[in-house]
Amino acid sequence: MIKTLSKYIGQYKKYMVITVLLTAAEVILDIFLPICMAKIIDKGINSGDMPAIIKYGIIMAVISVLAFLTGVCSGRTAARASTGFAANLRAGLFTKIQHFSFKNIDNYSTAGLVTRLTTDTSNMQMACQMLTRMCVRSPLNLIFALIMCFIISPDMSLIFVAAIAFLGLVLFFIVRTAMKIFNNVFGEYDNLNSSIQENIRGIRVVKSFVREDHEIDKLQKAIDRLYKLFCKAESVAAVNVPCMMLAIYGCILAVSWFGARNVVSGALTTGELTSLLSYIMNIMMSLMMLSLVMVMLTISAASARRICQVLDEVPDIKDCEAPVREVRDGSIEFDNVSFSYKEGTGEYVLKDINLSIRSGETIGIIGSTGSSKSSLVNLIPRLYDVTHGCVKVGGIDVKQYDVKCLRDKVSMVLQNNVLFSGTVLDNLRWGDSDATEEECILAARLACVGDTIAAKPDGYNTVVERGGTNFSGGQRQRLCIARALLKKPRVLILDDSTSAVDTVTEARIQKAFAEFIPDTTKIIIAQRISSVKNADRIIVMEDGRINGFGTHEELMNTNDIYKSIVAVQKEGNGDFDRTEV
Ligand SMILES: Nc1ncnc2c1ncn2[C@@H]1O[C@H](COP(=O)(O)OP(=O)(O)OP(=O)(O)O)[C@@H](O)[C@H]1O
Ligand SMILES: [Mg+2]
């Protein structure tokens, strides 16, 4: 874990080293102050020696100023080191997530990833600050103060040793117990964030179903669970301060009692007793800091583990050595393909798929909900890797391609596609960052969304709000199609991407495809027969298998499922869902 995280200190390493050195210097300087105080009392005040008072007073002032300056500087470098580390970590996490395959992403909830990028990373920033400052300052302070106590009075130092042993035990108990609880706290944080995220994203659905009370209730439960866990953890950590105070007052009492007797017997001077009392405070404050740091580090350790989980995740889809960078044509082949989302469980969502599609063909795919239509096409641009068998594009196994080249040439409009904040042009240029305005306009026309954009006051510079909420469902779908077209793909896959588009417009889009991109293989998943009827061939999916593959006429003659879909939709029952309707 430390090895993984330390890579992200990067260019801020020097600030860390400087902080440690400055903090050590600050501690050493601080340690001399009580000695000077003892000298002022013993050599100056007790003997009425004014020059000695001035001499040690000046030394004290110089040391104080130096300690102050080193303190300020180490605070600044610590801040640079810790914020820099957090910035690197955040960027590293984000980059790692960008390289995740769909399968990697399936291992985490969105909220879990957001918490890692925000709360967990902030905890790491705090931990870094503590490690470079407090974790250097407190132990050094403790050791030096103890050494000084032993020099002044070895007998009385045993009081501190006993106090330290007592506090050490308390700390051990707190860290061990709190650690377990904090590990659960972060899991609960993910649940809370998931609830909030899901609610805010679907707030319109919540309102239309009048589910506000249910949602409030659900969130309240997550809040209550977090409250209980925090209470439990904090009540363990809260034992720390009373124990610390008990030790401090115990030490002061013991040192005053034994010290006074030693001063009376002449074994100790008044100055030495005063410095001993100062060192008690030093030691106890260091212990207090150390215990607080330990509790904080306990929390951060839970965050560190969660962050490392993401950083150590091996991206599931990688380029092979010497990848192919050119997709020759849009032909597609499936050779005995089986696919499972959970490898090793034997739960296949695609079974024994054999398929051969010629370049430039228009293929319709139809089938009931959950029949694995999306799963089938996801394998073509290698969004997931096949479990068995092989998928070929342009005659070459998709695993042989450079992933970027493959996905540029196999353009996919996902079922749950989204637009990003920015202008319409910005969104279209996701397809091709170098596309000219004319090319963008042509793509929008092909997708039958050109007139809609042109009618907007700002035209192609209209701002798309987050999630594209200022466009209708059908307009969003067509913008996504235009964006995919700009890639000038060899294969274009539309996964239920015209479901919100009326049949007339859909027919126009398909006509435009046939005219302007005749050589591109077009795969159209749809629920409506009218969307696929004119395709060169149609695949009928049923329960993860290909039930039929042929033209509309062929399927009408040979395929029962297809016939029943046509019959159901002809009766005016609307879109096809289950074949048994
Ligand atoms: N990311 C995933 N992890 C695990 N299982 C999944 C995942 N995505 C889909 N599935 C499962 O795979 C099966 C096929 O899903 P798929 O999305 O391919 O169906 P579909 O035919 O596209 O359905 P729809 O018409 O509703 O879009 C379903 O049983 C679904 O629960
Ligand atoms: Mg689907």
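Criteria and thresholds
- Residues numbered from 1 in each chain as written.
- Chains lettered and ligands numbered in written order.
- Predicted model: local features only at pLDDT ≥ 70, side-chain atom pairs only at ≥ 80, totals over all residues.
- Near = placed C-beta within 6 Å.
- Helix = DSSP H or I, 4+ residues; strand = E, 2+ residues; numbered from the N terminus.
- Nonpolar A, V, L, I, M, F, W, Y, C, P; charged D, E, K, R; others polar.
- Pairing = 2+ DSSP bridges.
- Expected span 1.5 Å × (residues − 1).
- Bend = angle between axes of the 7 residues up to and from the residue.
- Domains from an automatic or database assignment.
- Core = buried A, V, L, I, M, F, W, Y, C linked by C-beta atoms within 7 Å.
- Buried ≥ 20, exposed ≤ 12 C-beta atoms within 10 Å, placed from the backbone.
- Contact = placed C-beta atoms within 7 Å.

Participant: So what about the site of ligand 1? Which residues, and what values?
Facilitator: Residues in close proximity to ligand 1 total 13 residues, the closest being Tyr341, Thr369, Lys373, Ser374 and Ser375. Examining the composition of the shell around ligand 1, we find that three residues originate from one element, helix H12 (residues 373–378), more than from any other. When its residues are assigned to classes, the shell around ligand 1 shows two nonpolar, eight polar and three charged.

Participant: An account of unusual backbone geometry is requested, with residue identities and associated values reported.
Facilitator: Although it is not a glycine, Asn336 adopts a positive phi angle of roughly 45°. Take Asn336: it is sitting in strand S1 (residues 332–339). In this structure, Ser372 takes a positive phi of about 85° despite not being glycine. Its place among the elements puts Ser372 in the loop between strand S3 (362–367) and H12.

Participant: Tell me what's going on with the sheet that holds S1, and back it up with residues and numbers.
Facilitator: Strand order in the open sheet formed by four strands is S2-S1-S4-S5, and the pairing between neighbours is antiparallel. Of all strands in the sheet, those bounded by a partner on one side alone are strand S2 (350–357) and strand S5 (396–397). Sheet analysis places S1 next to strand S4 (residues 388–393), joined by five bridges and oriented antiparallel. Opposite Phe334, over in S4, you have Val391 as the bridge partner.

Participant: Which residues make up helix H5 (residues 110–132), and what values do they have?
Facilitator: Here H5 spans 32 Å end to end across 23 residues, near enough to the 33 Å set by a 1.5 Å rise per residue. Residue Arg116 marks the point of greatest curvature in H5, where the axis turns by about 40°.

Participant: Which residues make up the domain arrangement of the protein chain, and what are the values?
Facilitator: By the assigned domains, the protein chain splits into domain 1 (2–311) and domain 2 (332–570). A C-alpha centroid distance of 55 Å is found between domain 1 and domain 2.

Participant: I'd like to hear about the nonpolar core, residue by residue, with values.
Facilitator: In terms of nonpolar packing, the biggest core is built from 68 residues, with Ile380, Ala443, Ala447, Ile481, Ala482 and Ile493 touching the most fellow members. Counting residues per element, this core draws most heavily on helix H17 (residues 473–485), at six residues. Beyond its immediate sequence surroundings of up to four residues, Ala482 is in contact with Leu428, Ala443, Ala444, Leu446, Ala447 and Val449. Listed in part, the 34 residues of the second largest apolar core include Tyr12, Val20, Ala86 and Ala304.

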